[in-house]
Amino acid sequence: MAEVENLERRTGASVPVRVDVQLHDLLMKPKTGPTATPPLQPKSRSEESQALMLPEPVYPQHPLPEGVDFNERQYQNINTKRAFKCWALPFVKSRFRASELRPIIAYLFTEFKCNVDCHYCWSYNNDVKGMTEDMARRSIDWLESTGCRVLALMGGEPLLRPGFIHKVVYYAAKKGFYVYLPTNGRLMRPEVIDRVGDAGIGIVNLAIDCVEEKPGLPKALNRIRPYFDYLIKRQRHYGYTVMMNINITHINQDDVKELTEIARANGIATDYHLNEAPMFEQDHFKHLDDNTTYLTPDDFPKVDALLDYLIDKSRQGYKMANPQQHMHDMKKLMRGKVKPWPCRAGQNNLIIRPAGTLAPCFPMYSSTYDWGTVGDHKFDVHQLDEMKKTCSTTCLSTCNYILSHCYDTSRVIRWGLKQALHGFRGVSGHFED
Ligand code: SF4
Ligand code: SF4
């Protein structure tokens, strides 16, 4: 436990960082590391000119004329159909092929650079080259062959290359993927919103931590307010949805409530994360020491009250992605450990790094363990199960927790019946009991 204790002492964080020495050595000092997927060797001139590129998007292609929006019923239908095709069907198929890799959601790191510096964030490094078109195309083709239909574009900040993202969204949406775009919103100009909306984006998840910018927390709503308003307004024209993603830190707890109300007033859902220190020490992360965003033991009562407030809002019908149990478990996580939970990383979700190497989840991004590459995965359920006995006690990855919560057939059937009873309208989108 020396590694854990050492890191805990340095951060002063309440989060027990995060893996023990044995697991750390397995994941950070493996005998053989992953090698980047080699570039495709074209066999002919035409393959060379076509196969390695994403097609140029047709723009505009959207069927509705400018100034006309979908009505409420059409908008609901679009999103219900998408949910059925991209979430429900792949989920059902994955249950029938339980021994295969069946990602329900895949995270494609098209970028690992970022245009801002959130002090808690180790998920960017401005020395890492962005994904190539060849790799993006091969990743999407491979994911399609595994039955995956939800593609989350990740960073860093994906919109650093808006033209590239337009191409990726266009290509994936044409193949029937539900495309999820998380962004800090700084580069989300109206013309960018129009292009990704026109290409068929499914959801934009706007990461916002505070209303006014604070030292260490640059993702402030007021820095991007005109873009936010335009993004909300254009939902009904293009049919996408919007969410707000909020990280609970030492310095933004009042903002969390204010942002929750702003999201509610704009009719969009929220999802919450508890600020966590990195899973491993990593050289590119510069804020491990004296980080003012990390929760400290003095925060516990206030964060407990904040989580109770959010749970209460969820009960009142505020749209939130987090299951209520997740928010209860966050209280345990900030004090130390949670009970192991049935994480599905490496089985029903995965990440693809810019060079095409695979890992089971976002917290394992920096691991050098070899889980294979695009088209040639090496996920092994026994290795994953062993690893999760340890890592799931110090991790509450929101996306993976939600997936594990949903990966429960009886819960899904109860939710489906509830939706059917309400004509697939007006019932919360999450799988609460
Ligand atoms: S915007 Fe996102 S990727 Fe960039 S520093 Fe902040 S949390 Fe990290
Ligand atoms: S619990 Fe799951 S998401 Fe969290 S680190 Fe372990 S494998 Fe990754």
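Residues numbered from 1 in each chain as written. Chains lettered and ligands numbered in written order. Predicted model: local features only at pLDDT ≥ 70, side-chain atom pairs only at ≥ 80, totals over all residues.

Asker: Is there a simple way to explain the overall build of the protein in this structure?
Answerer: Secondary structure assignment for the protein yields 14 helices and 10 strands. Burial analysis of the protein (433 residues in total) assigns 44% to the buried set. Long-range pairs, those at least 24 residues apart, make up 76% of the contacts in the protein between residues at least 6 apart in sequence. (Helix = DSSP H or I, 4+ residues; strand = E, 2+ residues; numbered from the N terminus. Buried ≥ 20, exposed ≤ 12 C-beta atoms within 10 Å, placed from the backbone. Contact = placed C-beta atoms within 7 Å.)

Asker: What is the right way to read the site of ligand 1 from this model?
Answerer: The environment of ligand 1 is formed by 13 residues, the closest being Cys114, Cys118, Cys121, Tyr124 and Asn184. Looking at the shell around ligand 1 residue by residue, the class counts come to 6 nonpolar, 4 polar and 3 charged. (Near = placed C-beta within 6 Å. Nonpolar A, V, L, I, M, F, W, Y, C, P; charged D, E, K, R; others polar.)

Asker: Would you explain the site of ligand 2 in this entry?
Answerer: The full set of residues close to ligand 2 is Cys343, Ala345, Pro360, Cys361, Pro363, Met364, Lys388, Cys391, Ser392, Cys395, Ser397 and Asn400. Residues belonging to the shell around ligand 2 are distributed by class as follows: 8 nonpolar, 3 polar and 1 charged.

Asker: How do you make sense of helix H9 (residues 253-265) when you look at a structure like this?
Answerer: What sets the pattern is the α-helix's 3.6 residues per turn: residues three or four places apart point alike. The end-to-end C-alpha separation of H9 is 19 Å, in line with the 18 Å expected for 13 residues at 1.5 Å each. Burial in H9 covers these residues: Asp255, Val256, Leu259, Thr260 and Ala263. Projection of H9 onto a plane perpendicular to its axis shows the buried side chains occupying an angular sector of 140°, all on one side. Residues of H9 that are exposed and point more than 90 degrees away from the buried face comprise Asp254, Glu261 and Ala265. Positive backbone phi, approximately 70°, marks Gly267, located one or two places after H9. (Expected span 1.5 Å × (residues − 1). Arc of directions from axis to C-beta.)

Asker: Would you mind showing me how to read helix H8 (residues 225-238) here?
Answerer: The terminal C-alpha atoms of H8, which comprises 14 residues, lie 20 Å apart, in line with the 20 Å expected from a rise of 1.5 Å per residue. Taken as a whole, H8 has its buried residues at Phe228, Leu231, Gln235, His237 and Tyr238. Where H8 is buried, its residues touch helix H7 (190-199), strand S4 (203-207) and strand S5 (241-248). Phi turns positive one or two residues past the end of H8, at Gly239, with a value near 95°.

Asker: Is there a simple way to think about the pairing of strand S1 (residues 105-109) in this case?
Answerer: Remember that side chains alternate between the two faces of the sheet whenever the strand is regular. Burial analysis of S1 places 5 of its 5 residues in the buried class, which makes it a mostly covered element. Every second residue of S1 is oriented toward a common face, with Ile105, Tyr107 and Phe109 on one face and Ala106 and Leu108 on the other, all of them buried. Sheet topology note: the S1/strand S7 (residues 349-352) ladder contains 4 bridges and is parallel. Considered in S7, the bridge of Ala106 is made with Leu350. Relative to strand S2 (residues 150-154), S1 runs parallel, the two being bridged by 4 bridges. Each residue of the ladder has a partner; that of Ala106, found in S2, is Leu151. For the crossover that starts at S1, traverses helix H5 (residues 133-145) and ends in the parallel S2, the hand is right-handed. (Pairing = 2+ DSSP bridges. Right-handed = clockwise from strand over helix to strand, strands pointing away.)

Asker: Explain the environment of Pro190 here, please?
Answerer: Along the polypeptide, Pro190 turns up in helix H7. Here the alpha-carbon distance between Pro190 and Phe228, two residues 38 residues apart in the chain, equals 9.5 Å.

Asker: Explain the nonpolar core here, please?
Answerer: As a rule of thumb, nonpolar side chains are buried together in soluble globular proteins. Residues Leu108, Val150, Leu151, Leu153, Val179 and Ile351 are the most contacted members of the largest nonpolar core, which totals 101 residues. If we skip the residues at most four places from it in the chain, Ile351 touches Tyr107, Phe109, Leu358, Ala359, Cys361, Phe362 and Tyr365. (Core = buried A, V, L, I, M, F, W, Y, C linked by C-beta atoms within 7 Å.)

Asker: What am I meant to see in the sheet that holds strand S8 (residues 358-359) here?
Answerer: Each strand in a sheet pairs with another by means of backbone hydrogen bonds, the pair being arranged parallel or else antiparallel. With respect to topology, 8 strands assemble into an open sheet ordered S6-S5-S4-S3-S2-S1-S7-S8, the strand pairing being mixed. Taken across any chain shown, the strands that pair with only one partner, and hence form the sheet edges, are strand S6 (269-274) and S8.

Asker: Can you walk me through the packing of helix H6 (residues 162-174) against H7 in this structure?
Answerer: What describes two packed helices is the angle between their axes and the distance between those same axes. With their axes 8 Å apart at the nearest point, H6 and H7 run at an angle of 15° to one another. Our classification of the angle between H6 and H7 gives roughly parallel. Viewed along their axes, H6 and H7 form a crossing whose handedness is right-handed. Across the interface between the two elements, Pro162, Ile165, His166, Val169, Tyr170 and Ala173 of H6 pack against Val192, Arg195, Val196 and Ala199 of H7. (Axes fitted to C-alpha atoms, helices over the stretch in contact; angles between N-to-C directions. Parallel < 35°, antiparallel > 145°, perpendicular 65-115°, else oblique. Left-handed = near helix turned anticlockwise from the far one by under 90°.)

Asker: What is the right way to look at the pairing of strand S3 (residues 178-183) in this model?
Answerer: Counting buried positions along S3 gives 6 out of 6 residues, so the element sits mostly inside the fold. What you see with S3 is no split at all: Tyr178, Tyr180 and Pro182 on one side and Val179, Leu181 and Thr183 on the other are buried throughout. Summarising the sheet, S2 and S3 pair through 3 bridges and their orientation is parallel. Directly across from Val150, in S3, lies its bridge partner Tyr178.

Asker: Which parts of the structure should I look at to understand the packing of H7 against H8?
Answerer: Contact pair H7 / H8: the axes reach a minimum separation of 10 Å and the direction vectors enclose 25°. One way to sum up the angle between H7 and H8 is to call them roughly parallel. Regarding H7 and H8, the two cross each other, and that crossing is right-handed. Within the contact between the two elements, H7 uses Pro190, Ile193, Gly197 and Asp198 and H8 uses Tyr230, Leu231, Arg234 and Tyr238. The residue inventory of the contact of H7 with H8, partitioned by class, reads 5 nonpolar, 1 polar and 2 charged.

Asker: For this particular structure, what's the right way to read the confidence of the model for the protein?
Answerer: Regions with low pLDDT carry predicted coordinates that are not meant to be interpreted in detail. On average, residues of the protein score 89 in pLDDT, and 86% of them are at 70 or above. Here residues 1-17 scores under 50 on pLDDT; set against residues more than four positions off or in separate chains, the count is 44 contacts. Counted against residues more than four places away or in other chains, residues 425-429, with its pLDDT under 50, gives 8 contacts. (pLDDT = per-residue confidence, 0-100.)

Asker: What's the story with unusual backbone geometry in this structure? I'm lost.
Answerer: Note: most peptide bonds trans; most residues except glycine with negative phi. For the bond from Tyr59 to Pro60, the omega torsion is -5°, close enough to zero to count as cis. With an omega dihedral of 15°, the bond running from Gly155 to Gly156 counts as a cis peptide bond. Looking at the secondary structure, you find Gly156 in the loop between S2 and H6. Even without a glycine there, the phi angle at Asp290 is positive, about 50°. With respect to the secondary-structure elements, Asp290 resides in the loop between S6 and helix H10 (300-315).

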